[in-house]
Amino acid sequence: MADAMSSRASAGGPGEGRPRVLIARAVFPQVVQRLRAHFEVEDNPDDTVYTRAELIERLRGKAGALTTGSERIDAEVLDANPQLRVVANMAVGYNNFDIPACNARGVLATNTPDVLTETTADFGFALMMAAARRIAESEHFLRSGQWSRWSYDMYTGSDVHGATLGILGMGRIGQAIARRGALGFGMRVIYHNRSRLAPELEAPLGARHVDKATLLRESDHLVLVLPYSAQSHHAIGAAELAQMKPTATLTNVARGGIVDDAALAQALRERRIAAAALDVFEGEPSVHPGLLEVPNVVLTPHIASATVATRRAMAELAADNLIAALTAGAPPTPINPEVLGRPR
Ligand code: GLV
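Procedures and definitions
- Residues numbered from 1 in each chain as written.
- Predicted model: local features only at pLDDT ≥ 70, side-chain atom pairs only at ≥ 80, totals over all residues.
- Heavy atoms only, no water.
- Phe/Tyr/Trp six-rings, centres within 6.5 Å; stacked < 30°, edge-to-face > 60°.
- Lys NZ or Arg CZ within 6 Å of the ring centre and 35° of its normal.
- Helix = DSSP H or I, 4+ residues; strand = E, 2+ residues; numbered from the N terminus.
- Expected span 1.5 Å × (residues − 1).
- Buried < 20%, exposed > 50% of the residue type's maximum accessible area, 1.4 Å probe, protein only.
- Contact = heavy atoms within 4.5 Å.
- Domains from an automatic or database assignment.
- Buried area = accessible area lost by both parts, 1.4 Å probe.
- Salt bridge = Lys/Arg side-chain N within 4 Å of Asp/Glu carboxyl O.
- Polar contact = N/O pair within 3.5 Å; in protein donor to acceptor, adjacent residues only side chain to side chain.
- Nonpolar A, V, L, I, M, F, W, Y, C, P; charged D, E, K, R; others polar.
- Axes fitted to C-alpha atoms, helices over the stretch in contact; angles between N-to-C directions.
- Parallel < 35°, antiparallel > 145°, perpendicular 65-115°, else oblique.
- Left-handed = near helix turned anticlockwise from the far one by under 90°.
- Core = buried A, V, L, I, M, F, W, Y, C linked by side-chain atoms within 4.5 Å.

## Side note on the packing of aromatic side chains
No. 1: Across all of its chains, the model carries two aromatic pairs by this definition.
No. 2: The ring of F28 is capped by R312, whose NZ or CZ atom sits 5.8 Å from the centre of that ring.

This is the structure in structure tokens:
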């Protein structure tokens, strides 16, 4: 495939006017304006989530696309749009991209790492605390008018400070959550990851690399921060939940599908773990009905990176990638930089 990029039909090259790009979902108007300075832009101010057929149609003639996790870019979409040269995801996760299919066709894929790390870690920590201290559950109780008196065991949860924080997936966000736990809350940090952290990263956190069984057995509060892939599908299912402490909490700020939501709903219903907090779901925006029925789970609509500043930084970084890729610059955060060197 040495000349894959050159063999893709050209879109908006020299002499054909400015490149055309699709902004697949609504985004900050300033970012749309910025892209209009470089490209012929088709945007989506109504924020329609395109069906697959619509996405394929909207991509016709486009050299680039600014996408989100709701747009799946795979062989079928790429083959229907051979002129497409770059897909810039406004997300750090990119399981909506088939990277081997992009590679095979010389399509550059980019994501938005780093700019969301601390914001997402804040939210993961907040969710974990909400589950441990039963904040959402007790708030619902109060709002529903049921609070009539103080009692010694009302909404007793488990401590966060001094507890064992378990992290599954110790990338940038996992490390940022571990920092909060170790340095701010005196937590003992254990983690499981494909590769062990360098000693200079482990040492300040006192973090201990353990096997998955130890992580499940010893964590008081287990936080999932690993990318979704075929390998991580249902990394936490009935068998794993059965190994956790009955007092433990489980927090997922990674991706739906890493947890078997049906198995989790059952474990929560049977109080086989104390509580959970989920920002992501299998098949979202649908949520497993069993999760909606149990009180001991905090549910949020995929907002871990949602501060104004961070969403703006993500959109700008996605735009930086698109602009650089289509104007001969160096895209700051490519996922598959190997396609960049290929002749066009
Ligand atoms: C959000 O889920 C992201 O991957 O950035």
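## Looking at helix α8 (residues 172-185)
Because the α-helix completes a turn every 3.6 residues, residues three or four places apart line up on one side.
No. 1: Taking 1.5 Å as the rise per residue, α8 with 14 residues should run 20 Å; its terminal C-alpha atoms sit 19 Å apart, in good agreement.
No. 2: Taken residue by residue, α8 has I173, G174, Q175, A176, I177, A178, R180, G181 and A182 as its buried positions.
No. 3: Looking at the buried positions of α8, the neighbouring elements they touch are α6 (117-132), β6 (164-168), β7 (188-192), α9 (199-205) and β9 (221-224).
No. 4: Trailing α8 by a residue or two, G186 shows a phi angle of about 60°, which is positive.

## Some points on the domain arrangement of the protein chain
Interfaces are often sized by the accessible area lost when the parts come together.
No. 1: Under the domain assignment, the protein chain is made up of domain 1 (2-113 + 308-339) and domain 2 (117-299).
No. 2: Taking only C-alpha atoms, the centre of domain 1 and the centre of domain 2 are 33 Å apart.
No. 3: Between domain 1 and domain 2, the contact holds six residues from the first and four residues from the second.
No. 4: Taking both partners together, domain 1 and domain 2 bury about 440 Å²; carbon and sulfur atoms supply 49% of that area.
No. 5: Sorting the residues of domain 1 by area buried against domain 2 places N95, P113 and T310 first, and these three jointly supply 75% of that buried surface.
No. 6: The interface formed by domain 1 and domain 2 holds zero salt bridges in total.
No. 7: Remark: the boundary between domain 1 and domain 2 carries two residue pairs in polar contact (both at pLDDT 80 or more).
No. 8: Looking at the side of domain 1 that touches domain 2 residue by residue, the classes come out as three nonpolar, three polar and no charged.

## With respect to the packing of α6 against α8
No. 1: α8 packs onto α6 with a crossing angle of 55° between their chain directions and a minimal axis gap of 8 Å. Judged on the interaxial angle alone, α8 and α6 are oblique. Where α6 crosses over α8, the two elements pack in a sense that is right-handed. Contacts from T117, E118, T120, A121, D122, G124, F125 and M129 in α6 reach R172, I173, A176, I177, R179, R180, G181 and F185 in α8.
No. 2: Its residues assigned to classes, the contact of α6 with α8 comprises seven nonpolar, four polar and five charged.

## Here we look at the nonpolar core
No. 1: Counting 45 residues, the largest nonpolar core has L35, L165, I167, M170 and I177 as the members making the most contacts within it.
No. 2: Counting residues per element, this core draws most heavily on helix α14 (residues 308-326), at seven residues.
No. 3: Both domain 1 (2-113 + 308-339) and domain 2 (117-299) contribute no fewer than three residues apiece to this core.
No. 4: When neighbours within four sequence positions are excluded, I177 is seen to be in contact with A121, G124, F125, L165, I167, V223 and V225.
No. 5: With 29 residues, the next largest nonpolar core counts I190, I236, A254 and A276 among its residues.

## Some thoughts on the pattern of salt bridges
No. 1: Under the definition given, this model contains 24 salt bridges.
No. 2: In this structure, D74 engages R72 in a salt bridge whose closest nitrogen and oxygen atoms are separated by 3.8 Å.
No. 3: D74 sits in the buried class, given a relative accessible area of 12%.
No. 4: Overall, the relative accessible area of 37% leaves R72 in the partly exposed class.

## So, unusual backbone geometry
Excluding glycine, a negative phi dihedral is what most residues carry, and trans is how most peptide bonds are arranged.
No. 1: Across the junction of E284 and P285, the peptide omega takes the value 15°, indicating a cis bond.
No. 2: Tracing the sequence through the fold places P285 in the loop between β11 (275-278) and α13 (289-293).
No. 3: One non-glycine residue, D114, lies in positive phi territory at about 70°.
No. 4: Inspection of the secondary structure assignment puts D114 in the loop between β5 (108-110) and α6.
No. 5: Owing to a relative accessible area of 47%, D114 belongs among the partly exposed residues under this scheme.

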